[in-house]
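Summary of the model geometry
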Amino acid sequence: MDRIYAPWRIHWVEREEDPIDGCPFCVLPERDDDREARIVARSDHNYALLNNAPYNPGHVMIIPNRHIEDWTDLDDEVMVDHGRLKAATIEATRRDLDPEGFNTGLNLGSDAAGGSLDHLHTHVVPRWRGDTNFMPVVGETKVIVEGLERTYDHLHAAFAAGDHVVDKGDLESGDAVRLSFH
Ligand SMILES: [Zn+2]
C-alpha cells in the first residue's frame, strides 16, 4: 500500500462533546478559538486548517472562507489568495517539519471526495520516505490528538516566522497567524 495513490478522502473526526451542526468548513472559522478549531493561519479570503485525522503529520487543508464548491467558481482574488496561502503553508511546513516532498490536490464532486463534504479544500500533505506506515503506528486517537497539538504549535511558529505576516497570532488566546498577500 502506498498512500501517494490513496484518494484524497476527507477524514473529519468530530469531537463528541463539541459536535458541528452544518458544514464544518463554514462553522469552524466562525468560532472564536482558532487553536481549538486547529486553524493555524488565516489570509484575506482563505484559512489553513490542520487535518484532525491526518495522512501524515502536518497535513493541512487550504479552505476558502465562503462556501464554494467548485474550483471554477472561485473569483480571481480568492483563487490567488488560495494559491498564496498554499505556498505559505508549504514554506512553513518546510521550515518546521523538513519533509522530503509534498502531495497536494483537491477533490471536486462527491464521488471524488468520498464523502458529503463539498466545501472546496486543497490538501497539502508533507511526505517522507518510508512514511506509509505512519497511520497504523499512531492509530490511537489520544496519540493523534497530542501529536496534533504539538504540530499545531510548531506550524503556528513557522507561519509567524515567515513572510506576509500582519499579526503573529497568539497561542494562548487561540489566535491564528494572520497573513495578507497584498
Ligand atoms: Zn461550507
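Structure report, in brief. (Residues numbered from 1 in each chain as written. Predicted model: local features only at pLDDT ≥ 70, side-chain atom pairs only at ≥ 80, totals over all residues. Heavy atoms only, no water.)

1. What to know about the coordination of the zinc ion
The following threshold applies: Excluding water, the donors of a metal are its N, O and S neighbours within 2.8 Å, or within 3.2 Å for Na, K and Ca, and that exclusion means sites may look incomplete. Any site counts as irregular unless it has four donors with all angles between 85 and 135 degrees, making it tetrahedral, or four or six donors with opposite ones more than 155 degrees apart and the rest between 65 and 115, making it square planar or octahedral. Segments assigned H or I by DSSP are reported as helices when at least four residues long, segments assigned E as strands when at least two residues long, and all are numbered from the N terminus.
Every protein donor of the zinc ion is listed here as Cys23 (SG), Cys26 (SG), His67 (ND1) and His119 (ND1), and their distances to the metal cover 2.0 to 2.3 Å. Coordination at the zinc ion comes from 4 donor atoms whose angles at the metal span 104 to 119°, giving a geometry best classed as tetrahedral. Look at where the donors of the zinc ion fall in the sequence and you get C-x2-C-x40-H-x51-H. Placement of His67 in the loop between β3 (60-64) and α3 (76-97) and of His119 in the loop between α4 (110-113) and β5 (122-127) is noted, with a sequence separation of 52 residues between them.

2. Considering the nonpolar core
Selection criterion: Take the buried residues of types Ala, Val, Leu, Ile, Met, Phe, Trp, Tyr and Cys, join any two whose side-chain atoms come within 4.5 Å, and each joined set is a nonpolar core. Burial here depends on accessible area, computed with a 1.4 Å probe over protein chains only, as a share of the maximum for the residue type. Under 20% is buried, over 50% is exposed, and the range in between is partly exposed. Note on contacts: a residue pair is in contact if any heavy atoms of the two residues lie within 4.5 Å.
One finds Val40, Ala41, Ala48, Leu85, Phe159 and Leu179 to be the most contacted residues of the largest nonpolar core, which totals 20 residues. Going through the elements one at a time, β1 (39-42), β2 (46-50), β3, α3, α6 (141-160) and β7 (177-179) are the ones with two or more residues in this core. Not counting the four nearest positions on each side in its chain, Leu85 is found in contact with Ala41, Ser43, Asn46, Tyr47, Ala48, Ile62, Phe159, Leu179 and Phe181. The next biggest cluster of nonpolar side chains, apart from the first, holds 12 residues, and it includes Phe25, Leu28, Ala37 and Met61.

3. Remarks on the pairing of β1
It is a general feature of regular strands that their side chains alternate between the two faces of the sheet. Condition: DSSP calls a pair of strands paired once it identifies at least 2 bridges connecting them.
The pairing of β1 with β2 spans 3 bridges and is antiparallel. Within β2, the residue paired with Ile39 across the bridge is Leu49. Looking at chain direction, β1 and β7 are connected through 2 bridges and run parallel. Paired with Arg42 across the strands is Arg178, a residue of β7.

4. Let's talk about the sheet that holds β5
Definition in use: Only the stretch in contact is used when a helix axis is fitted, and all axes are lines through C-alpha atoms; the angle between N-to-C directions ranges over 0 to 180 degrees.
The 7 strands are arranged β4-β5-β3-β2-β1-β7-β6 in an open sheet whose pairing can be described as mixed. Strand pairing shows two members of the sheet lacking a second neighbour, β4 (101-106) and β6 (165-167), which therefore form its edges. Neighbour-to-neighbour, the strand axes of the sheet open up by a mean angle of 25°, direction not taken into account. Of the strands in this sheet, β1, β2, β3, β4, β5 and β7 are in contact with α3, which crosses β3 at around 160°.

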